[in-house]
Amino acid sequence: DLGKYGDDYDFQQRDPVTGSWLVWSILTQEDSSATDYFWRPLHVRGTMFLQTALWEHDRVNHIISAVAHLAAAVLLGLVIRRIGLSSRAAVAGALVLLLHPMVHEVALWPSSTSLAWGTCTMLAGLLVATSGWAARRPLTAALLMGPWAFVTAGWYEPPAMALLCVALMMVMHARVRD
C-alpha cells in the first residue's frame, strides 16, 4: 500500500484511542492542511470519509480504487468510440489507461482515488460534449461545460482544463458554422 501510513493516515479521521470518527473534521476539514484555501474540496472530504470508514479494510479500499480506475478506462473507451474511432482504438486506449504504469497510483494508493473520480467526471463531460444533443446546441453545451469543469476541479483540477478547452472549441465551432 503506497500511502497507508503517509497520506492515507493523514486523511483518516479516527480518534487514535477510541477509534471513533471525528465527523466534524471530515465536514469542516478542520485538521486538513487545505483549510485556508479552496483546494479540491470533493477530494479532501471524499478521501477523508473513505479513509476513515475503511481504515481497517484495506482490500475494500483498494477495490474501490480499482473500480474507479476501471470506470475511467471504460469511459475513455466510450469517448474514443463517440468521436468516431474504431472499437479496436477504443479498446487500445482504454487498456493503455488501465495498464500503463504511470497511472498505477489510483489503483494502489487509496488517497489518490479522487484522481480517477475527477477523470471520470471529465470523461462523462466529454461524452456529453460529443453527444448529438451538444451538436445541435453547441453554445448551451459549452455553457454546461463551465459548471461541469468546476465540479471536476473539486476532485482534481487538471482534467477540468480539458472541459474548458472543449467548451472553447464548441463556441468557436458554433461561430464558424453560423
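Computed from a predicted structure; not experimentally measured.

Cut-offs used in this document
- Residues numbered from 1 in each chain as written.
- Predicted model: local features only at pLDDT ≥ 70, side-chain atom pairs only at ≥ 80, totals over all residues.
- Heavy atoms only, no water.
- 1 Å grid on protein atoms, 1.4 Å probe; cavity = no way out; pocket = protein on both sides within 12 Å on 5 of 7 lines; lining within 4 Å.
- Points joined across faces, edges and corners; volume = space filled by probe spheres on them.
- Helix = DSSP H or I, 4+ residues; strand = E, 2+ residues; numbered from the N terminus.
- Nonpolar A, V, L, I, M, F, W, Y, C, P; charged D, E, K, R; others polar.
- pLDDT = per-residue confidence, 0-100.
- Phe/Tyr/Trp six-rings, centres within 6.5 Å; stacked < 30°, edge-to-face > 60°.
- Expected span 1.5 Å × (residues − 1).
- Buried < 20%, exposed > 50% of the residue type's maximum accessible area, 1.4 Å probe, protein only.
- Contact = heavy atoms within 4.5 Å.
- Axes fitted to C-alpha atoms, helices over the stretch in contact; angles between N-to-C directions.
- Parallel < 35°, antiparallel > 145°, perpendicular 65-115°, else oblique.
- Left-handed = near helix turned anticlockwise from the far one by under 90°.
- Salt bridge = Lys/Arg side-chain N within 4 Å of Asp/Glu carboxyl O.

Undergrad: Could you clarify how one ought to interpret the layout of surface pockets in this entry?
TA: Over the atoms, a rolling probe the size of a water molecule traces out where space has been left empty. Taken as a whole, the largest pocket spans an internal volume of roughly 280 Å³. What lines the largest pocket is a set of 14 residues, among which Leu97, Val103, Val106, Leu115 and Thr119 lie closest to the centre. The element contributing the most residues to the lining of the largest pocket is helix 7 (residues 113-129), with 5 residues. Here the lining of the largest pocket is composed, by residue class, of 11 nonpolar, 2 polar and 1 charged.

Undergrad: What is the right way to look at the confidence of the model for the protein in this model?
TA: Do not read the fine detail of predicted coordinates wherever pLDDT is low. Confidence in the prediction for the protein averages 84 pLDDT; 88% of positions are at 70 or higher. Mean pLDDT across the elements of the protein bottoms out in helix 2 (residues 23-28) (66) and peaks in helix 5 (residues 87-99) (95).

Undergrad: Sorry if this is basic, but what is going on with the packing of aromatic side chains here?
TA: How two aromatic rings sit relative to each other is set out by the distance from centre to centre and by the angle between their planes. Summed over all chains, the structure comprises 1 aromatic pair. Ring plane angle 70 degrees and centroid distance 4.7 Å describe the contact between tryptophan 117 and tryptophan 155, whose orientation is recorded as edge-to-face. Here tryptophan 117 is found in helix 7, whereas its partner tryptophan 155 is found in helix 9 (residues 138-155), with 38 residues between them in sequence.

Undergrad: So what exactly am I meant to see when it comes to helix 4 (residues 58-82) here?
TA: Owing to its 3.6 residues per turn, the α-helix aligns residues three or four sequence positions apart on the same side. Over its 25 residues, helix 4 runs 36 Å from end to end, which matches the ideal 36 Å to within 8%, given 1.5 Å per residue. If you check which residues of helix 4 are buried, you get Asn61, Ser65, Ala68, His69, Ala72, Ala73, Leu75, Gly77, Val79 and Ile80. In this fold, the buried residues of helix 4 make contact with helix 3 (41-53), helix 5, helix 6 (104-108) and helix 7. Of the residues one or two after helix 4, glycine 84 is the one with positive phi, at around 100 degrees.

Undergrad: Would you take a moment to explain the side chain of histidine 43 for this structure?
TA: Counting through the fold element by element, histidine 43 comes out in helix 3. A residue is classified by how much of its surface remains accessible, and histidine 43, at 5% relative accessible area, is buried. Ignoring any residue separated from it by four or fewer positions in sequence, one finds histidine 43 in contact with Phe11, Met48, Ser111, Ser114, Gly154 and Trp155.

Undergrad: Sorry if this is basic, but what is going on with the packing of helix 7 against helix 9 here?
TA: Each pair of packed helices can be summarised by the angle the axes make with each other and by the distance between the axes. Where helix 7 contacts helix 9, the axes come no closer than 8 Å and their chain directions differ by 165 degrees. Taken together, helix 7 and helix 9 sit at an angle that is classed as roughly antiparallel. Relative to helix 9, helix 7 is oriented so that their crossing is left-handed. Note on element contacts: helix 9 touches helix 7 through Leu144, Met145, Trp148, Val151, Thr152 and Trp155, opposite Ser114, Trp117, Gly118, Thr121, Met122, Ala124, Gly125, Val128 and Ala129. Along the lines of polarity and charge, the residues of the contact of helix 7 with helix 9 split into 10 nonpolar, 5 polar and no charged.

Undergrad: Is there a simple way to explain the packing of helix 4 against helix 5 in this structure?
TA: For the pair helix 4 and helix 5, interaxial distance at closest approach is 8 Å and the crossing angle is 155 degrees. By the angle between their directions, the pair helix 4 and helix 5 is classed as roughly antiparallel. The element helix 4 and its partner helix 5 pack so that their crossing is right-handed. For the pair helix 4 and helix 5, contact is made by His69, Leu70, Ala72, Ala73, Leu76, Gly77, Ile80 and Arg81 and by Ser87, Ala89, Ala90, Gly93, Ala94, Leu97 and Leu98, respectively. Within the contact of helix 4 with helix 5, the residues separate by chemical class into 10 nonpolar, 4 polar and 1 charged.

Undergrad: Would you take a moment to explain the pattern of salt bridges for this structure?
TA: In a structure, side chains of opposite charge can pair up when their charged atoms sit close to one another. Enumeration according to the criterion identifies 1 salt bridge in this entry. A salt bridge links glutamate 157 to arginine 40; its shortest N-O distance comes to 2.8 Å. Note that glutamate 157 is positioned in helix 10 (residues 157-177) and arginine 40 in the loop between helix 2 and helix 3, a separation of 117 residues in sequence. Using a relative accessible area of 15% as the deciding quantity, one classes arginine 40 as buried.

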